[in-house]
Amino acid sequence: SSGINAEYGEQQLPLYSSLCIIEPNQATNQHCKQALKGIMYSETQIEQYLQRIGYKGSISNDFPTLTKLIHHHLSTVPFENLDIHYSTHHTINVEPQAVFHKIVERKHGGYCMENNTGFSTLLKSVGFVLYTGAARVAAVQNGGPKGVFLGHSHMVSFVTIEDSIYVVDVGFGGNGMIYPMLLKENIVTKGVGKQEFRLIEQKIDSFIDPHQKFWIFQYRFDSSEDWTDCYAFNRTEFALPDYKIMSFFTSTSPDIFFTQTLVGSLITFNEKFEPSGKNTLFDKTFKIQKNGEIVEIFTAKTEKERVELTERLLGIKLTEEEAAGIKG
């Protein structure tokens, strides 16, 4: 890792804070401080990113601004894994500059570590105080048993506003959080339609240590249902090298559904810019949901139809070369 640099605006700065210790002669004190703070986007990139998500107006380090930024991101940047299937390289790159190129310049979306990397980097670049961490997705999300959580495969952000910490996630797809969630137990937050979210803190039964607790993000589709575990996390900070390892597994393992089928989700908003629906893709099936109800279903009978529906419902226009990538 000692030879790896990452772009920091127009400078080349050490990507890993360990460079400050391992190679003190190659990293100045100022570079060390900036490396510890993390990679940020340049002023030009910030302007381009905000334009990509359709955000206008001033930016303050407060809850209303954070919420507005989240909604603009969710409404324009889909959750999707197309590059694993519709590309010549079939790989995922979670470095901030690569994510910027994909989301802003190519106008694609990404899966969790891409969307949350791009968004967290944008937030840091405009003055929000935050760090990121990893989450364990609940096995029940993949048809497994309740109460069991898998290895680290998801990414969340912890944003500090005044004296409060909020969990932010723009990369979980159709059942992901829509608003910043205060890191406190049993505060119910709205989703699309009647969907609700909450956080609880408890021990995971499958773990040995009885004293180790995790925050668990849960959802339900209306108040009459039981809560469903989505993922679990603690407040340990993770860094880019961690996400590279995580993303390599989630983008290459045959045991992960990302490598086996196409998925996508884009949150839709009404005329008051309130979350009101979602467009989803699973394999060849596209669904349009409004206020929690499925109103239309499309099944692509050909690759041409699937590519056309991807552009229409997820906003991603594939090039001919990208579309041909599905052939292997």
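How each quantity is defined
- Residues numbered from 1 in each chain as written.
- Predicted model: local features only at pLDDT ≥ 70, side-chain atom pairs only at ≥ 80, totals over all residues.
- Heavy atoms only, no water.
- Helix = DSSP H or I, 4+ residues; strand = E, 2+ residues; numbered from the N terminus.
- Buried < 20%, exposed > 50% of the residue type's maximum accessible area, 1.4 Å probe, protein only.
- Contact = heavy atoms within 4.5 Å.
- Areas by Shrake-Rupley, 256 points an atom, 1.4 Å probe, with all protein chains shown as cover.
- Pairing = 2+ DSSP bridges.
- Salt bridge = Lys/Arg side-chain N within 4 Å of Asp/Glu carboxyl O.
- Axes fitted to C-alpha atoms, helices over the stretch in contact; angles between N-to-C directions.
- Left-handed = near helix turned anticlockwise from the far one by under 90°.
- Nonpolar A, V, L, I, M, F, W, Y, C, P; charged D, E, K, R; others polar.
- Phe/Tyr/Trp six-rings, centres within 6.5 Å; stacked < 30°, edge-to-face > 60°.
- Lys NZ or Arg CZ within 6 Å of the ring centre and 35° of its normal.
- Expected span 1.5 Å × (residues − 1).

### What about the overall build of the protein?
And step 1. Looking only at helices and strands, the protein features 10 helices and 15 strands.
And step 2. Of all 328 residues assigned to the protein, the portion counted as buried reaches 53%.
And step 3. Within the protein, contacts between residues separated by at least 24 positions form 53% of all contacts whose residues are at least 6 apart in sequence.
And step 4. Carbon and sulfur atoms provide 50% of the accessible area of the protein, an area that totals close to 15900 Å².

### Structural notes on the sheet that holds strand 15 (residues 293-299)
The strands that make up a sheet are held in pairs by hydrogen bonds between backbone atoms, and each pair lies either parallel or antiparallel.
And step 1. Strand order in this open sheet of five strands is 3-12-13-14-15, and the pairing throughout is antiparallel. Bordering the open sheet on either side are strand 3 (79-80) and strand 15, each of which pairs with just one other strand.
And step 2. With seven bridges joining them, strand 12 (residues 263-269) and strand 13 (residues 275-282) adopt antiparallel strand pairing. If you follow serine 265 over to strand 13, its bridge partner there is threonine 280.

### Here's the deal with the pattern of salt bridges
And step 1. A complete count under the given rule lists 10 salt bridges for this structure.
And step 2. Ionic pairing is found between aspartate 83 and lysine 102, a salt bridge with its closest N-O pair at 3.5 Å. In this pair, aspartate 83 sits in helix 5 (residues 82-85) while lysine 102 sits in helix 6 (residues 96-105), placing the two residues 19 residues apart along the sequence. This pair shows no difference in class: aspartate 83 is buried, exactly as lysine 102 is.
And step 3. The partner of arginine 306 in a salt bridge is glutamate 303, and the shortest N-O contact between them spans 2.5 Å. Note that arginine 306 and glutamate 303 are positioned in helix 9 (residues 303-314) at a spacing of three residues, about one turn of the helix.
And step 4. With a relative accessible area of 6%, arginine 306 lands in the buried category.

### Examining the packing of helix 4 (residues 63-76) against helix 7 (residues 112-125)
And step 1. The geometry of helix 4 relative to helix 7 is characterised by a closest axis approach of 12 Å and an angle of 145 degrees between their N-to-C directions. Where helix 4 crosses over helix 7, the two elements pack in a sense that is right-handed. Judged by residue contacts, Leu66, Leu69, Ile70 and His73 of helix 4 engage Asn115, Phe119 and Leu123 from helix 7.
And step 2. In terms of residue class, the contact of helix 4 with helix 7 is made up of five nonpolar, two polar and no charged.

### With respect to the packing of aromatic side chains
And step 1. Under the counting rule described, the total for this entry stands at 17 aromatic pairs.
And step 2. For the pair tyrosine 219 and phenylalanine 221, a centre-to-centre distance of 5.5 Å together with 65 degrees between the ring planes defines the contact as edge-to-face.
And step 3. Residues phenylalanine 257 and phenylalanine 258 carry aromatic rings whose centres are separated by 4.6 Å and whose planes lie at 40 degrees to one another, so their mutual orientation is tilted.
And step 4. In this structure an aromatic cluster arises from ring pairing among Tyr131, Phe158, Phe172, Phe197, Phe217, Tyr231 and Phe233.
And step 5. Over the face of the ring belonging to tyrosine 55 we find lysine 68, whose NZ or CZ atom lies 4.9 Å from the ring centre.

### A look at unusual backbone geometry
And step 1. Phi at phenylalanine 273 takes a positive value of approximately 55 degrees, unusual for a residue other than glycine.
And step 2. Owing to a relative accessible area of 32%, phenylalanine 273 belongs among the partly exposed residues under this scheme.
And step 3. Residue asparagine 291 is not a glycine yet carries a positive backbone phi of 50 degrees.
And step 4. Position of asparagine 291 among the secondary structure elements: in the loop between strand 14 (285-290) and strand 15.

### Let's talk about the sheet that holds strand 11 (residues 228-233)
And step 1. What the eight strands build is an open sheet, ordered 7-6-5-4-11-10-9-8; its pairing is antiparallel. What marks the edges here is a single partner per strand, and that holds for strand 7 (181-182) and strand 8 (189-190).
And step 2. Here strand 10 (residues 213-220) runs beside strand 11; their pairing, made up of five bridges, is antiparallel. Paired with tyrosine 219 across the strands is threonine 228, a residue of strand 11.
And step 3. The strands that helix 8 (residues 240-252) touches are strand 4 (129-138) and strand 5 (149-161); relative to strand 5, the one it contacts most, it runs at about 135 degrees.

### Here we look at the side chain of serine 75
And step 1. Along the chain, the position of serine 75 falls in helix 4.
And step 2. With near-sequence residues (within four places) excluded, serine 75 lies in contact with Leu266, Ile267, Phe269 and Phe273.

### As for the pairing of strand 15
And step 1. Across six bridges, strand 14 lies against strand 15 in antiparallel orientation. Opposite threonine 285, over in strand 15, you have threonine 299 as the bridge partner.
And step 2. Counted between consecutive antiparallel strands, the loop separating strand 14 from strand 15 contains two residues, among which asparagine 291 sits at a positive phi close to 50 degrees.

### Comments concerning helix 4
And step 1. Given a rise of 1.5 Å per residue, 14 residues ought to cover 20 Å, and the 20 Å separating the end C-alpha atoms of helix 4 matches this to within 8%.
And step 2. Taken as a whole, helix 4 has its buried residues at Thr65, Leu66, Thr67, Leu69, Ile70, His71, His72, His73, Leu74 and Ser75.
And step 3. Against the buried residues of helix 4 lie helix 3 (43-52), helix 7, strand 5, strand 6 (164-168), strand 12 and strand 13.

The values reported here are purely geometric and, on their own, carry no functional implication.
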